[in-house]
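Coordinate inspection notes
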Amino acid sequence: MRVTGVVQGVGFRPYVHGLAVQLGLCGFVGNDAQGVLAEVEGDAAAVDAFLARLPDQAPAMAVIEHVTASPVDVRGDDTFEIVVSDAHGARDVPVSPDVATCADCLTELWDPGDRRFRFPFINCTNCGPRYTIVRDVPYDRPATTMAGFALCDECAREYTDPADRRFHAQPVCCPACGPTLSLVDAAGVALDGDPIAGVGDRLRDGWIVAVKGLGGYHLAVDATDEAAVARLRARKHREERPLAVMVADLDEARALCQIGPHEQARLTGPTAPIVLLRRRDGTGGVVVGIAVPSIAPSVAPGNRFLGVMLPYTPLHHLLADAVGRPFVLTSGNVSDEPIAFDDEDALARLAGIADVFLTHDRPIHMRVDDSVVRMVGDRPLLVRRSRGYAPQPVLLGRPVPRPVLAVGAELKSTVCLAKGRRAYLSHHIGDLENYETYRSFTGAIAHLRRLFDIEPAVVAHDLHPEYLSTKYAVDLDGVDLVGVQHHHAHIASCMADNGTSDPVIGVAFDGTGFGADGTIWGGEILVADLVSFERVGHLEAVPLAGGAAAIREPWRMAASWLRRAYGDDVPDGLAVVERNADRWAQVLAVADANVNSPPTSSAGRLFDAVAALVGVRDAVSYEGQAAIELEQVADTAERGGYRAGVTGSEPFTIAGSDLIRSVVDDLGAGTAVPVVAARFHAAVVVAIVDACTRVREARGLTMVALSGGVFQNVLLVERTVAALEAAGFRVLTHVRVPPNDGGISFGQAAVAAARDRAAAAS
Ligand SMILES: [Zn+2]
Ligand SMILES: [Zn+2]
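Residues numbered from 1 in each chain as written. Chains lettered and ligands numbered in written order. Predicted model: local features only at pLDDT ≥ 70, side-chain atom pairs only at ≥ 80, totals over all residues. Heavy atoms only, no water.

So, about the overall build of the protein. When helices and strands are counted, the protein shows 23 helices and 32 strands. Taking 2.2 N^0.38 as the reference for a compact globule, 762 residues should give roughly 27 Å; the C-alpha atoms of the protein span a radius of gyration of 27 Å, in line with that estimate. Judged by the C-alpha coordinates and their principal axes, the protein covers about 90 × 70 × 50 Å. Per-residue burial for the protein yields a buried fraction of 59% across its 762 residues. (Helix = DSSP H or I, 4+ residues; strand = E, 2+ residues; numbered from the N terminus. Rg over C-alpha atoms; globule rule 2.2 N^0.38 Å. Buried < 20%, exposed > 50% of the residue type's maximum accessible area, 1.4 Å probe, protein only.)

Below, the structure is given as structure tokens:
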């Protein structure tokens, strides 16, 4: 019997062992390069029962793809054994993601009678580190960063006892034989006292502490201490991006934020991501029976949501207990560099930020950031797919003909390697704009190739010639290159996420992407399948006034759009014009002269323009900030809206300037900003429905795929899906892969595989 899927490192062999023994069967089970291989012999009815029950009662973390069974000669075994792994043969085994601490391990952590009482590295076959510690496959202790820790007698007994929860749990250890914590100062000198208690005290005193976690170093600070949080921001050069907060348990999270059943399931589940939750109105006071300290304003300035996570390793459980209040836990890096994970490197890079370091001697092999999730009803919307998810393969509808490497775009970079039906979407790599991140990008490709034994024959990349990912791809020898247009990749990613290859109406709304005509796209209506696309409509294009400066300063987009809507007759008295009067004329002159102001049909930039127009924000410190705040300010009870004209022959134009004029009129009439923001959202929904209806009439297509970073906007997604469905469309949204550029590599891989298949067939 062969079992494929995520079956190593998830307690599968002990499970098979237990089932076989229970049924009185003899034989063996082992890991090999394709998954799990088992032979059983015994009573025919018992063998049948074994085959029938095996898939149904598998361990929680196992993901079974296939079970195949064939008769073999009887060996005459009289026991059932777990055999040593076979490292030979082609490697084709998914590695499990890291799993949050299970309930059984937590019970032991807090049990004074248990030999692992307060041990920061408790784990078992159902939980603990996986992807972050795996150096190679098959997944066995010598191939992990636990190789240097020899099992003590007690741990060895558990490891070899089929009845034990730690039977063949590779990272198993205890205080006698496992890693140890230490608290060191910024010079690396060890500090006296209990490290956990020491960190708790220091955090409450306002210190900044670097904490070595599962996939890298975090920076921790008391989330209720405004001065401390402000100091962290200043040292980290991270001015406004919201910081995530860790709380001890669900009650503490509930005191800060509104948590429905689906959010609760996500927070407490095995992936334990950062969940973006709506904050309760006002903080502080007493909620659900416990006193709530107020979260410092600098944690998430101007944000009605808070990124919250629960402890997901025993170390974090101990830390939360010692701190006794919510604490910020953010990536250990300076501004946009990748998260530090190597001990020496962390000490060097974070010495100017952290006052002390809580570290340990279990090496991290792969850096992995925390994942970020929003819930849309009962469906997860992955903003960042990383810890707890990577490198779980996303199964494709059909096998790829030849192995594919897709290198992604630039921002929120991920890579994707595909072989057979499995697409291995990497952890979050970051914005590919500096050398450190580029090294992390090439390192991730090398590691995933090795782990899954993939020799890419086809390499997919973005069309943007200046992206580092594109340059990497075109420099490769001996592979077939496939350039994939950015928004086609978004739509393909949504299609493959939903397992369809049928033609769709693709609505790709994002910040910016390189268009097939060399201009900057971002508000695109495509007719697409996985092989090709047509651009059948788009948002009206306006100058990106000042290029990259227009992304940092949304008021420039307001200037550009007002010029388009009104020419030289912009109404007097607009606050955005007055606020930026000193540079207004100059920016327009530059745009008019077509200097560094390429035309863009970006929907994200239209959101930016409206955000500036209504006074939400003139400048941003990270991409998408203005649009995020515009969503948050919108009055969800408002039901009014505007309408944009959809005109011209294919590719038709969605008149964004109609919306700009409506917003200006509403502001002039004294309409409240939250109402205007809501009406603008409603108008974008109507424009999407109008555009899709037009395509349906012309082409007969009824399935719509929504993708691109703009669809991280939950208000927009919910209303768009409802309106399209009410109009008779079938709507695809993302479930397994992010809608933003973190999903681009997956879409590129789907397109490259489809083109490879089409070429082979012709
Ligand atoms: Zn456990
Ligand atoms: Zn031990």
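And the narrative resumes.
Before going further, it helps to examine the coordination of the zinc ion (ligand 1). Note on the zinc ion (ligand 1): its protein donors are Cys102 (SG), Cys105 (SG), Cys124 (SG) and Cys127 (SG). The metal-donor distances range over 2.3 Å. Each of the 4 donor atoms around the zinc ion (ligand 1) contributes to a set of angles spanning 103 to 120°, which defines the coordination as tetrahedral. Here the donor residues of the zinc ion (ligand 1) are spaced in sequence according to C-x2-C-x18-C-x2-C. Of the two residues, Cys105 is situated in helix H3 (residues 103-109) and Cys124 in the loop between H3 and helix H4 (153-160); the sequence distance between them amounts to 19 residues. (Donors = N, O, S within 2.8 Å, 3.2 Å for Na, K, Ca; no water. Tetrahedral: all angles 85-135°; square planar, octahedral: opposite > 155°, others 65-115°.)

Attention now moves to the coordination of the zinc ion (ligand 2). For the zinc ion (ligand 2), every protein donor is listed as Cys152 (SG), Cys155 (SG), Cys174 (SG) and Cys177 (SG), and the spread of their distances is 2.2 to 2.3 Å. Geometry at the zinc ion (ligand 2) is tetrahedral, judged from its 4 donor atoms and the angles of 103 to 117° they form at the metal. In primary-sequence terms, the residues that donate to the zinc ion (ligand 2) follow C-x2-C-x18-C-x2-C. Across the pair, exposure class does not vary: Cys152 and Cys155 are buried alike.

What follows deals with the sheet that holds strand E15 (residues 356-360). The strands that make up a sheet are held in pairs by hydrogen bonds between backbone atoms, and each pair lies either parallel or antiparallel. One open sheet accounts for 10 strands, arranged E6-E15-E7-E8-E14-E9-E13-E10-E16-E17; its pairing is mixed. Strands with a single pairing partner mark the edges of an open sheet, and in this sheet they are strand E6 (181-185) and strand E17 (379-384). As paired elements, strand E10 (residues 274-278) and strand E16 (residues 372-376) share 2 bridges and run parallel to each other. Paired with Val275 across the two strands is Val373, which belongs to E16. Against the sheet, helix H6 (residues 226-236) engages strand E8 (217-222) and strand E14 (327-331), with an angle of about 145° to E8. Across the sheet, helix H22 (residues 714-726) lies against E16 and E17, angled at about 35° from E16, the strand it touches most. (Pairing = 2+ DSSP bridges. Contact = heavy atoms within 4.5 Å. Axes fitted to C-alpha atoms, helices over the stretch in contact; angles between N-to-C directions.)

The complete set of buried residues in helix H10 (residues 343-350) reads Ala346, Arg349 and Leu350. The arc that holds the buried residues of H10, viewed along the axis, is 80°, so those residues lie on one side. Exposed residues lying more than 90 degrees from the buried face of H10 are Glu344 and Ala348. At its buried positions, H10 is contacted by strand E7 (209-212), E8, E15 and helix H11 (435-451). (Arc of directions from axis to C-beta.)

The 5 strands are arranged E4-E1-E3-E2-E5 in an open sheet whose pairing can be described as mixed. The sheet is open, and its two borders are formed by strand E4 (63-68) and strand E5 (80-82), each paired with just one other strand. Taking the axes of each pair of neighbouring strands and ignoring which way they run, one obtains an average angle of 15° across the sheet. Pairing of strand E2 (residues 26-32) with strand E3 (residues 35-41), which is carried by 7 bridges, proceeds in the antiparallel orientation. If you follow Gly27 over to E3, its bridge partner there is Val40. In the packing of helix H1 (residues 12-22) onto the sheet, the strands contacted are strand E1 (2-6), E2, E3, E4 and E5, and the crossing angle to E5 comes to about 175°.

With that settled, consider the pattern of salt bridges. Scanning all chains against the criterion turns up 46 salt bridges. With a closest N to O distance of 2.9 Å, Asp345 and Arg349 form a salt bridge. Within this pair, Asp345 and its partner Arg349 are both found in helix H10, separated by 4 residues, close to a single helical turn. (Salt bridge = Lys/Arg side-chain N within 4 Å of Asp/Glu carboxyl O.)

So, on to helix H13 (residues 486-497). Counted at 1.5 Å a residue, the expected span for H13 with its 12 residues is 16 Å, and the 16 Å between its end C-alpha atoms agrees. In terms of residue burial, H13 counts as a mostly covered element, since 12 of its 12 residues are buried. Within H13, the full set of buried residues consists of His486, His487, His488, Ala489, His490, Ile491, Ala492, Ser493, Cys494, Met495, Ala496 and Asp497. A positive backbone phi angle near 70° is found at Gly499, which sits one or two residues after H13. (Expected span 1.5 Å × (residues − 1).)

So, on to the pairing of strand E22 (residues 458-462). Burial analysis of E22 places 5 of its 5 residues in the buried class, which makes it a mostly covered element. Sheet topology places strand E19 (residues 404-406) next to E22; 3 bridges connect them, and they run parallel. Note on E22: the bridge partner recorded for Leu405 is Val459. Bridge count for E22 against strand E23 (residues 480-484) is 5 bridges, and the pairing is parallel. Within E23, the position partnered with Val459 by the bridge is Leu481. Taking the sense of rotation as the criterion, the β-α-β connection linking E22, helix H12 (residues 468-474) and E23 turns out right-handed. (Right-handed = clockwise from strand over helix to strand, strands pointing away.)

Summarising the element assignment, Gly206 is placed in the loop between helix H5 (195-204) and E7. On the basis of relative accessible area, Gly206 is assigned to the buried category, the value being 2%. Residues Gly206 and Phe533, 327 residues apart in the sequence, show an inter-C-alpha distance of 55 Å. Excluding its chain neighbours within four sequence positions, the residues that come into contact with Gly206 are Asp225, Ala228 and Arg231.

What follows concerns the side chain of His360. Within the secondary structure, His360 is located in strand E15. A distance of 3.2 Å separates a polar side-chain atom of His360 from the backbone nitrogen of Arg362. Ignoring sequence-local partners within four residues, the contact set of His360 consists of Phe121, Thr180, Leu181, Lys212, Gly213, Leu315 and Asp343. (Polar contact = N/O pair within 3.5 Å; in protein donor to acceptor, adjacent residues only side chain to side chain.)

This part takes up the packing of helix H21 (residues 673-699) against H22. Closest axis-to-axis distance for the H21/H22 pair is 9 Å, and the angle between their directions is 40°. The pairing of H21 with H22 is recorded here as oblique in orientation. Handedness of the crossing formed by H21 with H22: right-handed. Here His681, Val684, Val685, Ile688, Val689 and Cys692 of H21 come into contact with H22, specifically with Leu715, Leu716, Arg719, Thr720, Ala723 and Leu724. Partitioning the contact of H21 with H22 into residue classes produces 9 nonpolar, 2 polar and 1 charged. (Parallel < 35°, antiparallel > 145°, perpendicular 65-115°, else oblique. Left-handed = near helix turned anticlockwise from the far one by under 90°. Nonpolar A, V, L, I, M, F, W, Y, C, P; charged D, E, K, R; others polar.)

Let us look at the side chain of Thr101. Among the structural elements, Thr101 can be located in the loop between E5 and H3. You can call Thr101 buried: its relative accessible area is 15%. Residues contacting Thr101, with those up to four places away along its chain left out, are Leu106, Cys127, Tyr312, Thr313, Pro314 and His317.

Moving on to the packing of aromatic side chains. Tallying each qualifying case throughout the model produces 10 aromatic pairs. Centroid distance Phe509 to Phe711: 6.0 Å. Interplanar angle 25°. Geometry classified as stacked. With Phe509 in strand E24 (residues 504-514) and Phe711 in the loop between strand E31 (703-707) and H22, the pair connects residues that are 202 residues apart, well separated along the chain. As far as the burial class goes, Phe509 and Phe711 line up, both buried. Put simply, the rings of Tyr438, Phe441 and Tyr472 touch in pairs and so form one group of aromatic residues. Taking the ring centre of Tyr312 as reference, the NZ or CZ of Arg387 above it sits at 3.4 Å. (Phe/Tyr/Trp six-rings, centres within 6.5 Å; stacked < 30°, edge-to-face > 60°. Lys NZ or Arg CZ within 6 Å of the ring centre and 35° of its normal.)

We now examine the packing of helix H15 (residues 554-566) against helix H18 (residues 603-613). When two helices pack together, their arrangement is given by the angle between the helix axes and the distance between those axes. Contact pair H15 / H18: the axes reach a minimum separation of 7 Å and the direction vectors enclose 95°. Taken together, H15 and H18 sit at an angle that is classed as roughly perpendicular. Every residue of H18 that contacts H15 at Pro554, Trp555, Met557, Ala558, Trp561 and Leu562 is listed here: Arg605, Leu606, Asp608, Ala609, Ala612 and Leu613. Residues of the contact of H15 with H18, tallied by class, amount to 10 nonpolar, no polar and 2 charged.

Take it as geometry only, folks, not as evidence of what the structure does.
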